[in-house]
Amino acid sequence: LYLPPNLNFSLLQLNNLTSQLPEPFILVGDLNSHNQLWGSNITDRKGTIIEEFVEDHLTILNDGNATHLCSRTGTMSCIDLSICSPTLTPDLNWEVMKLFHGGGHFPIKITINTHIQDT
């Protein structure tokens, strides 16, 4: 999912998006929002909307590590989020990879810790 920096969105729009996804799900993307909940130094309006979106029925996997390097300012931020259904949370590990491939965003690795049996 990509939410451009200048895009205004609402809680209703986010709820409408996830209502179309089959459970359980993982939603990842560059959401261009800041909240101390996922490691930002500040909480902006978009971060508050996403916090409200998540607090009742979802989990943010981010652990506070920066996910983006701004080439213009050299600052790090946490604008790439990984959100999932709570039933998946115990079985997932979230990690920012230190291999930087350009473009400003660090790759994120989500590992599922559940053994899937062959049938």
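Below: a short report on this structure. Here the residue index of a chain counts from 1 through its sequence in written order. Selection of residues for local features in this predicted model requires a pLDDT of at least 70, selection of side-chain atom pairs for listing and counting requires 80 or more, and totals for whole chains, interfaces and linings are taken over all residues. No hydrogens and no water enter the side-chain calculation; it runs on all heavy atoms of the structure.

### Regarding the environment of S10
Logical step 1: Each helix corresponds to a stretch of at least 4 residues labelled H or I by DSSP, and each strand to a stretch of at least 2 residues labelled E; elements are numbered beginning at the N terminus. Among the structural elements, S10 can be located in the segment before α1 (11-19).
Logical step 2: The spatial distance from the C-alpha of S10 to the C-alpha of L92 is 28 Å, given a sequence separation of 82 residues.

### Focus: the sheet that holds strand β1 (residues 26-30)
Logical step 1: Whether two strands pair comes down to DSSP finding at least two bridges between them. The sheet built from three strands is open, its strands ordered β1-β5-β2 with antiparallel pairing. Unpaired on one side and paired on the other, β1 and β2 (59-60) mark the two borders of the sheet.
Logical step 2: Relative to strand β5 (residues 80-84), β1 runs antiparallel, the two being bridged by five bridges. By the bridge assignment for β5, I26 is matched with C84.

### Considering the nonpolar core
Logical step 1: Counting 16 residues, the largest nonpolar core has I50, V54 and I83 as its most contacted members.
Logical step 2: When residues of this core are traced back to their parent elements, those giving at least two are α2 (45-55) and β5.
Logical step 3: Among the elements that make up this core, the one with the highest residue count is α2 (four residues).
Logical step 4: Two residues form a contact once any of their heavy atoms are found within 4.5 Å. Here I83 is in contact with F25, I26, L27, L31, I50, F53, V54, L58, T59 and I60, once residues within four sequence places are set aside.
Logical step 5: Residues enter a nonpolar core if they are buried and are Ala, Val, Leu, Ile, Met, Phe, Trp, Tyr or Cys, with the set joined through side-chain atoms within 4.5 Å. Any residue under 20% of the maximum accessible area for its type is buried, any over 50% is exposed, and the rest in between are partly exposed; the area is computed with a 1.4 Å probe on protein chains only. Core analysis: the second largest hydrophobic core is formed by six residues, L61, C84, W94 and F106 among them.

### Side note on unusual backbone geometry
Logical step 1: Cis geometry is adopted by the peptide bond preceding P24, which originates at E23 and carries an omega value of -15°.
Logical step 2: Take P24: it is sitting in the loop between α1 and β1.
Logical step 3: We note that N32 has phi near 45°; this positive angle belongs to a residue other than glycine.
Logical step 4: Counting through the fold element by element, N32 comes out in the loop between β1 and α2.

### Overview of α2
Logical step 1: Listed in full, the buried residues belonging to α2 are K46, G47, I49, I50, F53 and V54. Buried residues of α2, seen end-on, are gathered within an arc of 160° and therefore sit on one face of the element. Here, the arc refers to the directions that run from the helix axis to the C-beta atoms.

### Things to note about the packing of α1 against α2
Logical step 1: In this analysis an axis means a line fitted to C-alpha atoms, helices contributing only their contacting stretch, and an angle means the value between N-to-C directions, from 0 to 180 degrees. Packing of α1 against α2 leaves a shortest axis separation of 9 Å and a crossing angle of 45°. Judged by the inter-axis angle, α1 sits oblique to α2. Helix-helix and strand crossings are classified by hand; for α1 and α2 the assignment is right-handed. Counting all contacts with α1, which are made through L11, L14, N15 and T18, the residues of α2 involved are I49, I50, E52 and F53. An angle counts as roughly parallel when it lies under 35 degrees, as roughly antiparallel when it exceeds 145, as roughly perpendicular when it falls between 65 and 115, and as oblique in every other case. For any pair of crossing helices, the crossing counts as left-handed if the nearer helix is rotated counterclockwise from the farther one by less than a right angle, and right-handed if it is rotated clockwise.

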